[in-house]
Amino acid sequence: MKSFGNDEFLQYATVPPIVPALVTPEYHWVDGATTSPAADGSPMTLARIDRLRGPVNRHGDRTAVVDLETVRRLGGVVDEGGTDFELWLNKDGLANVDTITGKLAKAGYNADLVDRRDDRIAAYGRSASALALQLTPVVGIAAWVLAIVVLLLTVVTSWRSRAQDYASLKITGVPARATGRAARWEQTGPVALAVLLGTTCGLVGVHVALPLIPLFATSGGPVPLDLGISWPVAVILWAGGTAILATVTLFLGSGVNRRSTYNRIREELT
């Protein structure tokens, strides 16, 4: 717009009174009342159009993302000298980072390579927390072994009386097939229920504890941490634990059933 008289001001008709924004899950939101400072510092009312699934790169969890051009139209020109801009480069951009920095320097912008994604991932991998997280499969296997040991101790301390009970049922006319089925399946149901309850408690504990426990020495960075539950992995571990422990109980129950002979009743009488 060109004017040959006094200064004139042009207001864009496309500036929305409420600026649409993308917000992170932890962003405290009140629809129609949440504001954020615009480019000139005036309050800018936000309207949530969608909720992001994770944190915004290099920023905190409580973040709202708005359109820069809309902010410029609403609050004036952004002070380029006092504003920090970030450029995210892919592999091709990193290969030509010197050329990009040189051209930005000619345009009056001092650009520095702040961080590399590979370097940050490598730093995470060298941390003690990452090494501890890598031990979780060992802890899971140890938990399964401990559960199997508990089942073995339960059978070792009670197999004789159980075998005598099954033998007594056979004498009273209960078919051997029925007693065998009872011996194999009487502990499978409680064990499967215990695995389900343990998995549920673990998922609830993870959901509550992970946001509270610092996993790494420094927070933030170019790689946001996804603290959500991996449901496919949880389902696979639950199914695997149920299958392993159920197989063990069936094997131990079959062993007790094989020992439920009439000699067990004679041992009880003597």
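A few points on the structure. Just so you know, these numbers come straight off a predicted model, no measurement behind them. (Residues numbered from 1 in each chain as written. Predicted model: local features only at pLDDT ≥ 70, side-chain atom pairs only at ≥ 80, totals over all residues. Heavy atoms only, no water.)

Details of the overall build of the protein
Turning to step 1, where the next piece is worked out: Assigned secondary structure in the protein consists of 10 helices and four strands.
Turning to step 2, where the next piece is worked out: Secondary structure elements of the protein occur, N-terminal to C-terminal, as β-β-β-β-α-α-α-α-α-α-α-α-α-α.
Turning to step 3, where the next piece is worked out: Of all 270 residues assigned to the protein, the portion counted as buried reaches 22%.
Turning to step 4, where the next piece is worked out: Taking the intrachain contacts of the protein between residues at least 6 apart in sequence as the baseline, contacts between residues at least 24 apart amount to 74%.
Turning to step 5, where the next piece is worked out: Here the protein has roughly 19,200 Å² of accessible surface; of this, 61% comes from carbon and sulfur atoms. (Helix = DSSP H or I, 4+ residues; strand = E, 2+ residues; numbered from the N terminus. Buried < 20%, exposed > 50% of the residue type's maximum accessible area, 1.4 Å probe, protein only. Contact = heavy atoms within 4.5 Å. Areas by Shrake-Rupley, 256 points an atom, 1.4 Å probe, with all protein chains shown as cover.)

Some details on helix α8 (residues 188–209)
Turning to step 1, where the next piece is worked out: Here α8 is 22 residues long and its end C-alpha atoms lie 31 Å apart, about the 32 Å a rise of 1.5 Å per residue gives.
Turning to step 2, where the next piece is worked out: Every buried residue belonging to α8 is among Thr188, Val191 and Val195, and all of these are buried. In an axial view of α8, the angular spread of the buried residues amounts to 65°, which keeps them on one side of the axis. Turned more than 90 degrees from where α8 packs its buried face, Pro190, Cys201 and His207 sit exposed.
Turning to step 3, where the next piece is worked out: If you follow the buried residues of α8, they end up packed against α6 (136–171), α7 (176–185) and α9 (231–258). (Expected span 1.5 Å × (residues − 1). Arc of directions from axis to C-beta.)

A few points about a nonpolar patch on the surface
Turning to step 1, where the next piece is worked out: Taken together, Leu193, Leu196, Leu197, Val235 and Trp238 make up a surface patch of nonpolar side chains, about 450 Å² in accessible area.
Turning to step 2, where the next piece is worked out: Counting only elements with at least two residues in the nonpolar patch, the list comes to α8 and α9.
Turning to step 3, where the next piece is worked out: For Leu193, a relative accessible area of 48% corresponds to the partly exposed category. (Patch = residues over 30% accessible without salt bridge, like charges linked within 9 Å, V, L, I, M, F, W, Y side chains within 5 Å. Salt bridge = Lys/Arg side-chain N within 4 Å of Asp/Glu carboxyl O.)

Side note on the side chain of Thr249
Turning to step 1, where the next piece is worked out: Relative to the assigned elements, Thr249 resides in helix α9.
Turning to step 2, where the next piece is worked out: Of the residues examined, Thr249 reaches a relative accessible area of 1% and is grouped as buried.
Turning to step 3, where the next piece is worked out: When near neighbours in sequence (up to four residues on either side) are disregarded, Thr249 contacts Leu151, Arg184, Gln187, Thr188 and Val191.

Side note on the pairing of strand β1 (residues 19–23)
Turning to step 1, where the next piece is worked out: Along β1, the buried face is formed by Val19, Ala21 and Val23; none of Pro20 and Leu22, which line the opposite face, is buried.
Turning to step 2, where the next piece is worked out: Pairing between β1 and strand β4 (residues 64–65): two bridges, direction antiparallel. Paired with Leu22 across the strands is Val65, a residue of β4. (Pairing = 2+ DSSP bridges.)

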